[in-house]
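# Chain and residue survey
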Amino acid sequence: MITVIGSINMDLIVGTDVFPKKGETLLGSYFEMNPGGKGANQAVAIARLDGEVSMVGRVGIDSFGEVLFTKLEKENVNVNCLKRANTSTGIANIILHERDNRILVVPGANSKVTPKVIDEHWEHINKSSIVVMQLEIPIETVEYTLNKCKENRIQVILNPAPASFFKPEWIELVDYLTPNEHEFETIFGEKVDRMIEKYPNKVIVTLGDRGVCYHNGKKLVLVSGYKGEVTDTTGAGDTFNGAFAYAISKGFSLEEALQFANIAASISIEKIGAQSGMPTLAQVEKRLSIIK
Ligand code: RIB
């Protein structure tokens, strides 16, 4: 079983052809409300692939909380460790402009995922083969969980987003760290090619449609991406992380797991919304067979 410990947001998406300047009001071109949050997205990505996955998190007592709770259940994510906190649900304000996005998250109930919550659900978490986390819940919870997983020999995939909260000493506590290029530079203060060899087979840098790279102890390895039809890149990184966790849990080699995750991410960007385009196992296998 894989457990995702992380954020659950309602994404409020506004599309615009022109990006507003400071103090300016413009008319956007469309609005959509979709389930999101890096944690929930990664859990749904695993569930769509038929992976066994549990979500540890908190939604609020408002209507968004109700919708997001039900959505995770419908996606076959185990919600035994998902509860409603006496506050508002996390939201993400997403502006889509020229096929790219800018995101502002207001954590709400995600900030209630405290170390106490980890203790409350530890018996369940401790049965996991892999724990997946991101940085949209309190950092003391991330640190607490990393230490507990290390003590109990549970594999951890940490997606360090948003990267500014990452603490360098955590690198010793994780099995895989999956920053994108910007996050890598925020964390290490260096360009990818200069630092990555220090963390062989551990730091996996996502490069958008170019794929991903990592150092295998001897050389830098680039696992090429697949250029799909781009409609909305929101959630592509989450699909990558979820699919990567799934593939590792199934015993794929690192390179195979990365190729599988790249393909899943390339399919996810064909629809609007973080979770709408996330592929099933059959869809990933079909595209893999085409490119092989
Ligand atoms: O990674 C995309 C996600 O980031 C969105 O769904 C949004 O909720 C934010 O958490």
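Report on the accompanying structure. For clarity, every value in this text was computed on a predicted model and none was experimentally measured. (Residues numbered from 1 in each chain as written. Predicted model: local features only at pLDDT ≥ 70, side-chain atom pairs only at ≥ 80, totals over all residues. Heavy atoms only, no water.)

## A look at the pairing of strand β7 (residues 100-106)
So the rule is basically this: Each pair of strands is called paired provided DSSP finds at least two bridges between the two strands. Secondary structure elements are taken from DSSP: a helix is a run of H or I of four residues or more, a strand is a run of E of two residues or more, and numbering for both begins at the N terminus.
Two strands pair when backbone bridges link them, and strand β6 (residues 90-97) and β7 are joined in this way by seven bridges, in the antiparallel orientation. Residue His97 lies in a different strand from β7, and its bridge partner there is Asp100.

## Brief notes about the packing of helix α9 (residues 254-268) against helix α10 (residues 281-291)
Our working definition: Every axis corresponds to a line fitted to the C-alpha atoms, with the helix fit spanning only the stretch in contact, and the corresponding angles, defined between N-to-C directions, vary from 0 to 180 degrees. Throughout this description, any angle smaller than 35 degrees is read as roughly parallel, any larger than 145 degrees as roughly antiparallel, any in the 65 to 115 degree range as roughly perpendicular, and the remainder as oblique. Note on contacts: a residue pair qualifies if any of its non-hydrogen atoms lie within 4.5 Å across the two residues. Nonpolar residues are Ala, Val, Leu, Ile, Met, Phe, Trp, Tyr, Cys and Pro. Charged residues are Asp, Glu, Lys and Arg, and all others, Gly as well, are polar.
Relative to each other, α9 and α10 sit at 110°, their axes nearing to 9 Å. The angle between the axes of α9 and α10 places the two elements in the roughly perpendicular class. Of the residues in α10, those in contact with Gln259, Phe260, Ile263, Ala264, Ser266 and Ile267 of α9 are Leu281, Gln283, Val284, Arg287, Leu288 and Ile291. The class makeup of the residues in the contact of α9 with α10 is eight nonpolar, three polar and one charged.

## A word on the site of the ligand
Applicable threshold: To be near a molecule or strand, a residue needs just one of its heavy atoms within 4 Å of it. Under the rule applied, a polar contact is a pair of N or O atoms within 3.5 Å (in protein, one hydrogen donor and one hydrogen acceptor; residues adjacent in sequence only if both atoms are side-chain atoms). Only the protein chains shown count as cover for residues, with accessible areas throughout obtained via the Shrake-Rupley method and a probe of 1.4 Å.
The environment of the ligand is made up of 13 residues, and the closest members are Asp11, Gly37, Lys38, Glu136 and Asp238. With respect to the ligand, the side chain of Asn9 contributes an N or O atom lying 3.0 Å from an oxygen atom. Here the ligand, which alone exposes 280 Å², has 95% of that area covered by the protein. Of all the elements in the fold, those that place two or more residues in the shell around the ligand are β2 (9-16), α1 (38-48) and β7. Tallied by class, the residues present in the shell around the ligand amount to four nonpolar, five polar and four charged.

## Description of the sheet that holds strand β12 (residues 211-215)
A sheet is described by the order of its strands in space; here three strands give the open sequence β11-β12-β13, paired in antiparallel fashion. Since the sheet does not close on itself, it has two edges, and those belong to β11 (205-206) and β13 (220-224), each with one partner. Sheet analysis places β12 next to β13, joined by five bridges and oriented antiparallel. In the sheet register, Cys213 faces β13, and the bridge partner there is Leu222.

## Observations regarding the packing of aromatic side chains
Rules: Working definition: a ring pair exists when centres of Phe, Tyr or Trp rings (six-membered ring for Trp) sit within 6.5 Å. Plane angles under 30 degrees give stacked, over 60 give edge-to-face, the rest tilted. Buried residues are those whose accessible area, probed at 1.4 Å on protein chains only, stays under 20% of the maximum for their type, while exposed residues exceed 50% and partly exposed ones sit between those limits.
Under the defined criterion, the tally for this structure stands at seven aromatic pairs. Note on Phe184 and Phe188: the rings are 4.5 Å apart at their centroids and 45° apart in plane angle, and the pair reads as tilted. Of this pair, Phe184 and Phe188 both sit in helix α6 (residues 181-188), four residues apart, which is roughly one turn of the helix. Of the two residues examined, Phe184 and Phe188, each falls in the buried class.

## Focus: the pattern of salt bridges
Test applied: The salt bridge definition used is simple: a Lys or Arg side-chain nitrogen within 4 Å of an Asp or Glu carboxyl oxygen.
Within this structure, the stated rule accounts for eleven salt bridges. The shortest N-O distance in the salt bridge between Lys167 and Glu143 comes to 3.0 Å. Placement of the pair is Lys167 in the loop between β9 (155-158) and β10 (176-177) and Glu143 in helix α5 (residues 139-151), with a sequence separation of 24 residues. On the basis of relative accessibility, which here comes to 25%, the residue Glu143 falls in the partly exposed class. Between Glu185 and Lys191 there is a salt bridge, with the nearest N and O atoms lying 3.5 Å from each other. Accessibility expressed as a relative area gives 34% for Glu185, which makes it partly exposed. Since its relative accessible area comes to 44%, Lys191 is described here as partly exposed. Put simply, Arg48, Lys71 and Glu75 are held in one network by salt bridges that share partners.

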